[in-house]
Amino acid sequence: MNEILMEKFENAWLNFVQNNVEPSDINPIILRSWRRCRDHGVDPYGGDGTKVSDEVLNAALRKNRELLEIAKPIMDNLNSIVLGTEFVLVLTDSSGLILHIIGEEGIKLEAEKLRFSTGSLWSEEYVGTNAIGTCIAEDKPIQTIGAEHYCKSHHTWTCSAAPIHDSEGKLIGVLDMSGYSNGAHKHTLGIVVSAAYSIQNQLSLWRSYALIDTTIESIWDGVMIIDGDYNITRVNKTGEKILGISRGDLDSKDIRTILGDKIFLSPDHYRRRLDWNFYIKGKSIPCNIRIAPMNIHDSFTGMIVMFREMKELHKTANVVAGNKATYTFDSILTKNPIMKSSIKEAYKFAKTRGCVLIEGESGTGKELFAHAIHNSSNRNDGPFVAINCASLPRDLVESELFGYERGAFTGAVKEGKIGKFELANGGTLFMDEIGELPLDVQAKLLRVLDDYTITRIGGKIPMKLDVRVIVATNRNLFEEVRNRNFREDLYYRLNVFKVNIPPLRDRIEDIELLAEYFLKRLNMVSGTRKYFSLEFINGLMEHNWKGNVRELQNIVERAFHLTEGDLINETAEKKQADIYYSDFIISNDMTIRNHEKTAIEKVLEHTGGQVIEASSILGVSKSALYRKIKEYSIEPRKYRS
């Protein structure tokens, strides 16, 4: 800048600070700044920066950590370009506090004399008109030369500053380039503006990457990012946990060596989720996978692979399906010493890993025991999957237990199906009426129980499972073995721990206890205060209870609803006897088969051919009753009105 112009600035400044005369031919931005300085009472013959405490400086450095990380490399690069020109580069926060300064030692020492250094405030309020403070006040780039500075001590300096904004347009800092006024050049401001713009863009990109990074890491699924050459460039923390790897273990590894080639050959595989296995460190990890290709201008540039471990999907499926044990040993009400002994043994068995065989008549509460054993075990947070073996169609037993791959057989679900063993992984599989399993399936079950490894129908890859098996039966399995209806080797595999549940007729002391419990529950639901007469209780105590606790519960419930007042008396009890028993008096010379057939027909006649209601009255499962109906060629329809 020429000396004439410098002298003009100096005269204008003198007239303003000494005579309060406002010049007409000075930059309006500078004039506005001088006015602010005058209003703030800034000493025109002062101008040294104000140092803040170390505590305040450190807090500002922490707050502006991102800005510093982005700005420092850009400032270093710019400094290498202007090296030897006696300029310093300065970064401040939005208040004008200097966070970072670089430059040659000579010019930095001169700057120090004015406290133009890290930890000093350079806003207009403290040091008058200067490029940093005025840039903040006006929120626009500014160059101040010589006497344009409000304070006399700055007149030998020239400063060029540009604001830095965040993605929302908020001022977060200032980049400044300062040197001797005789080296002032109009291009200097352009350089600073360009550098500040680069910082701003990099900061925006950094935050975009941080947002993407946070999003990827917060996804519950595992995520892999693959480049155009099928090399893995990123795996999120969830993916690392699923695959059992550490950060960077799979960097630059070809994804096809982990998933194989086939999954990438069919376009159909890119449109839906697939059950697929990862092969890492010599082990197979079953997952559910979704592949999303990335294409730019119809050119393949990479893909994102999202995956979830199958056992996690099974947990979700179990929650939706209600595969959760509800009851505990506290749910089992009894005063009977034998029953208490069975509970004590079952509690001990719960702490082990071995199979448990529960034997007892229908309606005694075998499933209640299975629930309690699961809930008292160390796998109580895992699934509890129950299956009634008698209800499974013979030709579907194997697929229900072990599952099948897609296209395994005609009529199979297109996507394949998860078997009960897989669903129970990490928890307990309860197999009720185990004695109903066909012999060929018994052989396959034995093989699974040997090493707890299954292979789906149509599949080739064996899956190792962690499942505790509890089985129950209303038959005497040992007698079934002797009659060659049940495999001996499977019997001994299942009979690691055995629980016998006595029938209700052998624990008379529990009849009133259970009846009162069922009545209390009905009263709570209905908001009533019904109670039993002594005659009703005596009638219950005298009954044989072939249907056990289930039969008792049905009688109490029916008596409750048939009683109009609060007292459930002998009349109501007699109605129950009439409904359940008087029709079933059978002559002693009838065969057991005739007895069974006649009983079924009588109950169907009473229920109007409703099989489900009849099964409840008889104390057997719906599927078992359907088998008997088929065996005896009974037609339920003929009893329907």
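Residues numbered from 1 in each chain as written. Predicted model: local features only at pLDDT ≥ 70, side-chain atom pairs only at ≥ 80, totals over all residues. Heavy atoms only, no water.

Enquirer: Can you help me understand a nonpolar patch on the surface in this one?
Expert: Judged by side-chain polarity, Leu205, Tyr209 and Ile212 come together as a nonpolar surface patch covering roughly 310 Å² of accessible area. The topology assignment puts Ile212 in helix α8 (residues 186-218). (Patch = residues over 30% accessible without salt bridge, like charges linked within 9 Å, V, L, I, M, F, W, Y side chains within 5 Å. Areas by Shrake-Rupley, 256 points an atom, 1.4 Å probe, with all protein chains shown as cover. Salt bridge = Lys/Arg side-chain N within 4 Å of Asp/Glu carboxyl O. Helix = DSSP H or I, 4+ residues; strand = E, 2+ residues; numbered from the N terminus.)

Enquirer: For this particular structure, what's the right way to read the packing of aromatic side chains?
Expert: Any two aromatic rings considered together are summarised by their centre-to-centre distance and by the angle between their planes. Going through the model one piece at a time under the given rule, you end up with 18 aromatic pairs. Seen from their ring centres, Trp13 and Tyr45 are 5.7 Å apart, and the 75° between their planes marks the pair as edge-to-face. Here Trp13 is found in helix α1 (residues 3-19), whereas its partner Tyr45 is found in the loop between α2 (28-40) and β1 (50-51), with 32 residues between them in sequence. Relative to Tyr150, the ring of Phe16 has its centre 6.5 Å away and its plane inclined at 80°; by these criteria the two rings are edge-to-face. (Phe/Tyr/Trp six-rings, centres within 6.5 Å; stacked < 30°, edge-to-face > 60°.)

Enquirer: How should the sheet that holds strand β18 (residues 468-473) be read in this particular structure?
Expert: Hydrogen bonds between backbone atoms are what pair the strands of a sheet, whose relative direction is either parallel or antiparallel. One open sheet accounts for five strands, arranged β14-β15-β18-β13-β19; its pairing is parallel. Each edge of the open sheet is held by one strand with a lone partner, namely β14 (384-388) and β19 (497-500). Taking the axes of each pair of neighbouring strands and ignoring which way they run, one obtains an average angle of 15° across the sheet. Here β14 pairs with strand β15 (residues 428-432) via five bridges, running parallel. Along β15, the bridge assignment pairs Val385 with Leu429. (Pairing = 2+ DSSP bridges. Axes fitted to C-alpha atoms, helices over the stretch in contact; angles between N-to-C directions.)

Enquirer: Would you explain the nonpolar core in this entry?
Expert: In summary, soluble globular proteins display a tendency toward joint burial of nonpolar side chains. Judged by nonpolar contacts, the single largest core of 34 residues is most densely connected at Phe421, Met431, Ile434 and Val469. Elements represented by at least two residues in this core include exactly β14, α15 (397-402), α16 (420-423), β15, α17 (439-451), β18, α18 (477-482) and α19 (488-494). Examining the composition of this core, we find that five residues originate from one element, α17, more than from any other. Once residues within four sequence positions are removed from consideration, Ile434 is found in contact with Cys389, Leu445, Val471, Ala472, Thr473, Leu477, Phe486 and Leu494. Formed by 32 residues, the second largest nonpolar core is a distinct cluster that contains Ile29, Val90, Ala111 and Ala161. (Core = buried A, V, L, I, M, F, W, Y, C linked by side-chain atoms within 4.5 Å. Buried < 20%, exposed > 50% of the residue type's maximum accessible area, 1.4 Å probe, protein only. Contact = heavy atoms within 4.5 Å.)

Enquirer: Teacher, can you tell me more about the sheet that holds strand β2 (residues 87-93) here?
Expert: Reading across the sheet, the five strands line up as β3-β2-β7-β6-β5 and stay open at both edges, with antiparallel pairing between neighbours. What marks the edges here is a single partner per strand, and that holds for β3 (98-103) and β5 (142-145). When strand polarity is set aside, the average angle formed by the axes of neighbouring strands in this sheet is 15°. As judged from the seven bridges shared by β2 and strand β7 (residues 171-180), these two strands associate in the antiparallel manner. Looking at the pairing, Asp93 lines up with Gly173 of β7. Contacts between helix α5 (residues 105-113) and the sheet are confined to β2, β3, β6 (157-165) and β7, with β3 contributing the most and set at about 140° to the helix.

Enquirer: Hey, could you run me through the confidence of the model for the protein chain in this one?
Expert: Interpretation of this model should avoid reading the predicted coordinates in detail wherever pLDDT is low. When pLDDT is averaged across the protein chain, the result is 87; 92% of the residues are at 70 or more. No element of the protein chain has a lower mean pLDDT than helix α23 (residues 570-580), which averages 48, and none a higher one than helix α7 (residues 131-138), which averages 96. In this model, residues 571-590 is a region of pLDDT below 50 whose contacts with residues beyond four sequence positions or in other chains number 32 contacts. (pLDDT = per-residue confidence, 0-100.)

Enquirer: Is there a simple way to think about the packing of α2 against α7 in this case?
Expert: In a packed pair of helices, the relevant descriptors are the angle between the two axes and the axis-to-axis distance. Look at α2 against α7: their axes get within 11 Å of each other, and the N-to-C directions meet at 95°. One element, α2, and the other, α7, form an angle in the roughly perpendicular class. Contacts from Ile29, Arg32, Ser33 and Arg36 of α2 reach α7 at Thr134, Ala137 and Glu138. Grouping the constituent residues of the contact of α2 with α7 by class yields two nonpolar, two polar and three charged. (Parallel < 35°, antiparallel > 145°, perpendicular 65-115°, else oblique. Nonpolar A, V, L, I, M, F, W, Y, C, P; charged D, E, K, R; others polar.)

Enquirer: What exactly am I supposed to notice about the pattern of salt bridges here?
Expert: It is possible for side chains of opposite charge to pair when their charged atoms get near one another. Applying the stated criterion across every chain yields a total of 32 salt bridges. The salt bridge involving Asp213 is made with Arg234; its shortest N-O contact spans 2.5 Å. Of this pair, Asp213 sits in helix α8 while Arg234 sits in strand β9 (residues 232-235), and the two are 21 residues apart along the sequence. In this structure, Asp489 and Arg487 form a salt bridge, with 2.7 Å as the shortest nitrogen-oxygen distance. Its relative accessible area of 36% is what places Asp489 among the partly exposed residues.

Enquirer: Would you explain helix α4 (residues 65-82) in this entry?
Expert: Here α4 spans 25 Å end to end across 18 residues, near enough to the 26 Å set by a 1.5 Å rise per residue. The sharpest bend along α4 reaches about 30° and sits at Ala71, with the proline Pro73 one to four residues further on. Regarding α4, the residues found buried are Leu67, Leu68, Ile70, Ala71, Ile74, Met75, Leu78, Asn79 and Val82. Structurally, α4 contributes buried residues whose contacts are with α3 (54-63), β2, β3, β6, β7 and α8. Looking one or two residues past α4, Gly84 carries a phi angle of roughly 95°, positive in sign. (Expected span 1.5 Å × (residues − 1). Bend = angle between axes of the 7 residues up to and from the residue.)

Enquirer: Help me out: how do you make sense of the side chain of Asn336 in this one?
Expert: On the secondary structure map, Asn336 appears in the loop between α12 (310-321) and α13 (337-350). Of the polar contacts made by the side chain of Asn336, one reaches the backbone nitrogen of Ile338; its length is 3.0 Å. Here Met339 takes part through its backbone nitrogen, which lies 2.9 Å from a polar atom of the side chain of Asn336. If sequence neighbours within four positions are ignored, Asn336 has contacts with Pro502, Asp506, Arg507, Glu509 and Asp510. (Polar contact = N/O pair within 3.5 Å; in protein donor to acceptor, adjacent residues only side chain to side chain.)

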